[in-house]
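# Residue-level structure breakdown
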Number of protein chains: 2
Amino acid sequence: MKNMKNIQLIISYQGTEYCGWQIQPNGITVQEVITTAISELTGEIVNLIGSGRTDARVHALGQCANFFTASSIPPEQFFRAINTKLPVDIRILSSKECDMDFHSRYNANGKCYLYKIYESNVGSPFNSDLAFHVTQSLDWDAMEEAAGYFIGEHDFKAFMASGSSVKTTVRTIERISFEKKNDLYEMTFKGNGFLYNMVRIMVGTLYEVGSHRLPPRSISGIIQGMDRSKAGITAPAQGLYLKEVFY
Amino acid sequence: MKNMKNIQLIISYQGTEYCGWQIQPNGITVQEVITTAISELTGEIVNLIGSGRTDARVHALGQCANFFTASSIPPEQFFRAINTKLPVDIRILSSKECDMDFHSRYNANGKCYLYKIYESNVGSPFNSDLAFHVTQSLDWDAMEEAAGYFIGEHDFKAFMASGSSVKTTVRTIERISFEKKNDLYEMTFKGNGFLYNMVRIMVGTLYEVGSHRLPPRSISGIIQGMDRSKAGITAPAQGLYLKEVFY
């Protein structure tokens, strides 16, 4: 372990062509592609630890991962070297040396996700893989009101993909903000952690509110009921972006 | 010709996967895909007339095309019907009936193009096909100054791909404007017509100015010299967007 360093990477990727973050036997994943690139550079067997999984077609603006290496490449220059070995839809934005006991997943104490909804009569050829396209006009005021009910510490069991198993389904949502950029609506979710598919189910439920199929105040009862079937659809993967991981 | 209608379409496409607009034997083109879609709908042999070609990987926000049909589909609804037969990277934005003598190419009296340059230390996974990525900082003030020399009526022979043949290489540039959106610079070119590769060579020359390899005032001499080799590079196709066609 002499001269070993722990390198932290900040990573952005367009998830369209990948079967998600985590290495799996049946398709190419972001973790696999980056791991292979680092191994090519260093000649080492690399264990790349991500902050968490992202699903197939989900994007990242600031995924965090770390790995151990004895390479002499300066830590702050590592990202440039890795980028030369990566396809254009994955970019390492920065790299630095971190404490030897830093672990991207265990040390994460919060995350921020972005969800993009494209509201337009006709789809755009430029963002079919980058946003959830809705053709009807959504009631964004009702959606913002509804989002307020998610804020705080709650048991989010109703907003977890059924079949998942975790120790606790209690999570704290710190902030949900809405921003409009022309026809594109961006919703930002900041919290101490998210259950499997939780952001997409929250968005899908807000979408039901925006379509006037659920009143804003119904969110409160759906949370309390802890029944996945009472929440809305799972909004499509291509609208979701892992924006930032907090440590 | 009884009951024949002339239908005008406004079309947006991401050019990444296409060998340009115009039908050709060696690859799939936007014109071919739309022509096939219309033929499937109407059962007719369709001659789709575009305002002009776009090259491989070049995009359109508002390409214009027209075709004749005896179909009973209401002209204003045609775009929706065609969209159901198209891949997501091509969208018809609108359709309407126009005069029987309207011709998308011959009647065009001006065009507007957009060119996007992404200035960033590291590339973005989201726009490698949608902008020209430059890693160095460009001198945008010098580029704006240089762009001023293009305004007006000039012989733009130096800004035409060599080997092209046209009756006249005189064109009028009405306006060139610059807009910055975070790390993305958008340059808009409006003129009465553009020679083959003219926008990309103008951008490539402005890029030389922005990199301080040419002074802004050199543009004037390059125009007068009418020598393609004195102008700058042909900027990459993926940054170019046909924004609007004027009639």
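Fair warning: this is a prediction, and the values are worked out from it, not measured in the lab.

## Things to note about the pattern of salt bridges
Should their charged atoms come close, side chains of opposite charge can pair. If you walk through the whole model with that rule in mind, you get 14 salt bridges over all chains. A salt bridge links K116 of chain A to E186 of chain A; the shortest N-O distance between them is 3.8 Å. Residue K116 of chain A is found in strand β5 (residues 110–119), and its partner E186 of chain A is found in strand β9 (residues 184–191); the two are separated by 70 residues along the sequence. For the pair formed by K116 of chain A and E186 of chain A, the shared burial category is buried. One salt bridge in this structure joins E186 of chain B and K181 of chain B, with 3.5 Å as the shortest N-O distance. Take E186 of chain B: its relative accessible area is 8%, and that puts it in the buried class. The class for K181 of chain B is partly exposed, based on a relative accessible area of 39%. Each of the salt bridges in this network shares a partner with another, and the network as a whole consists of K116, K181 and E186 of chain A.

## Remarks on the relation of the copies chain B and chain A
Each of the two chain copies can be brought onto the other by rotation about an axis and movement along it. Note on the identical chains: chain B maps onto chain A by a rotation of 180° and an axial translation of 0.0 Å, with an RMSD of 0.0 Å. Read as a symmetry element, the transformation amounts to a two-fold axis. Mapped onto chain A, 100% of the interface residues of chain B are again interface residues, and the two copies thus contact each other with one and the same surface.

## Observations regarding the domain arrangement of chain A
Residue and element names in this part refer to chain A. What the domain assignment lists for chain A is domain 1 (5–98) and domain 2 (110–246). Opposite the 15 residues of domain 1 that make contact, domain 2 presents 15 residues. Interface area, domain 1 with domain 2, both sides summed: about 1200 Å², of which 56% is carbon and sulfur. Three residues stand out in domain 1 for area buried against domain 2, namely D55, H59 and L61, and they jointly supply 42% of the buried area on that side. At the surface where domain 1 touches domain 2, the tally comes to one salt bridge. Note that R200 is salt-bridged to D55, the shortest N-O span being 3.4 Å. The interface formed by domain 1 and domain 2 contains 10 residue pairs in polar contact (both at pLDDT 80 or more).

## Focus on the environment of T135 of chain A
Residue and element names in this part refer to chain A. Relative to the helices and strands, T135 is located in the loop between β6 (132–134) and α3 (140–147). For T135 and S95, which are 40 residues apart along the polypeptide, the C-alpha to C-alpha distance reads 41 Å. Residues within four places of T135 in sequence aside, it is in contact with S120 and N121.

## Structural notes on the packing of aromatic side chains
The full count for this structure, using the stated rule, is 23 aromatic pairs over all chains. Ring plane angle 85° and centroid distance 5.1 Å describe the contact between F150 of chain A and F159 of chain A, whose orientation is recorded as edge-to-face. Like F159 of chain A, F150 of chain A is buried. Look at F102 of chain B and Y247 of chain B: their rings are 4.9 Å apart centre to centre, the planes differ by 70°, and that puts the pair in the edge-to-face class. In this pair, F102 of chain B sits in the loop between β4 (90–98) and β5 (110–119) while Y247 of chain B sits in the segment after β10 (240–246), placing the two residues 145 residues apart along the sequence.

## Observations concerning the side chain of E119 of chain B
Residues and elements named next belong to chain B. Residue placement: E119 occurs in strand β5. Look at E119: it is buried, it has no salt bridge, and the nearest opposite charge is K180 at 6.2 Å. A polar contact is formed between the side chain of E119 and the backbone nitrogen of L138, at a distance of 2.9 Å. Within the local environment of E119, its side chain forms a polar contact with the side chain of W140, the two groups lying 2.9 Å apart. When near neighbours in sequence (up to four residues on either side) are disregarded, E119 contacts V134, Q136, S137, L138, W140, D183 and Y185.

## Describing the interface of chain B and chain A
Facing 24 residues of chain B, the contacting portion of chain A comprises 24 residues. Between chain B and chain A, the buried area comes to about 1500 Å², and carbon and sulfur atoms account for 67% of it. Together, V122, P125 and F126 of chain B form the three largest contributors to the area buried by chain B at its contact with chain A, with a combined 43%. At the junction of chain B with chain A, the criterion picks out two residue pairs in polar contact (both at pLDDT 80 or more). Where the side of chain B that touches chain A is concerned, the elements lending two or more residues are β1 (5–13), β3 (59–69), α2 (78–83) and β4 of chain B. Per element, the largest residue contribution to the side of chain B that touches chain A is four residues, and it comes from β4 of chain B. Classifying every residue of the side of chain B that touches chain A by side-chain character gives 13 nonpolar, eight polar and three charged.

## Description of helix α3 (residues 140–147) of chain B
Residues and elements named next belong to chain B. Within the sequence span of α3, burial applies to W140, A142, M143, A146 and A147. An end-on view of α3 places all buried positions within 155° of arc, on one side of the element. Residues of α3 that are buried make contact with β5, β8 (170–181), β9 (184–191), α4 (198–210) and α5 (218–225). The distance from a side-chain oxygen at the start of α3 to the backbone nitrogen of D141 is 3.3 Å, and the residue carrying that oxygen is D139.

Rules behind the numbers
- Note that residues are indexed from 1 along each chain, following the sequence as it is written.
- Following the order in which they are written, the chains are lettered starting with A and the ligands numbered starting with 1.
- The predicted origin of the model limits local features to residues at a pLDDT of at least 70 and limits the giving and counting of side-chain atom pairs to 80 or more, whereas totals for whole chains, interfaces and linings rest on all residues.
- The side-chain numbers reported here are obtained from all heavy atoms of the structure, hydrogens and water having been left aside.
- A carboxyl oxygen of Asp or Glu within 4 Å of a side-chain nitrogen of Lys or Arg is what we treat as a salt bridge.
- Under the DSSP-based scheme used, a helix requires at least four consecutive residues in state H or I and a strand at least two consecutive residues in state E, with every element numbered from the N terminus.
- The cut-offs for exposure are 20% and 50% of the maximum accessible area for each residue type, with area from a 1.4 Å probe on protein chains only; residues under the lower value are buried, those over the upper are exposed, and the others partly exposed.
- Superposition of the copies used a least-squares fit over C-alpha atoms from residues whose pLDDT is at least 70 in both.
- In what follows, residue pairs with any heavy atoms lying within 4.5 Å of each other are defined as contacts.
- For each domain, the first and last residues come from an automatic or database assignment.
- When two parts are brought into contact, each loses some accessible area as probed by a 1.4 Å sphere; the total of that loss over both is the buried area.
- In protein, a polar contact requires one atom able to donate a hydrogen and another able to accept it; more generally it is a pair of N or O atoms within 3.5 Å, and residues adjacent in sequence count only if both atoms are side-chain atoms.
- The pairing test for Phe, Tyr and Trp rings, Trp by its six-membered ring, is centres within 6.5 Å, and the orientation test on the planes gives stacked under 30 degrees, edge-to-face over 60, and tilted for anything in between.
- His is not counted, nor are the chain ends; Lys and Arg add positive charge and Asp and Glu add negative charge.
- Residues are sorted three ways: Asp, Glu, Lys and Arg are charged, Ala, Val, Leu, Ile, Met, Phe, Trp, Tyr, Cys and Pro are nonpolar, and all the rest, Gly among them, are polar.
- Arc, as used here, means the arc of the directions from the helix axis to the C-beta atoms.

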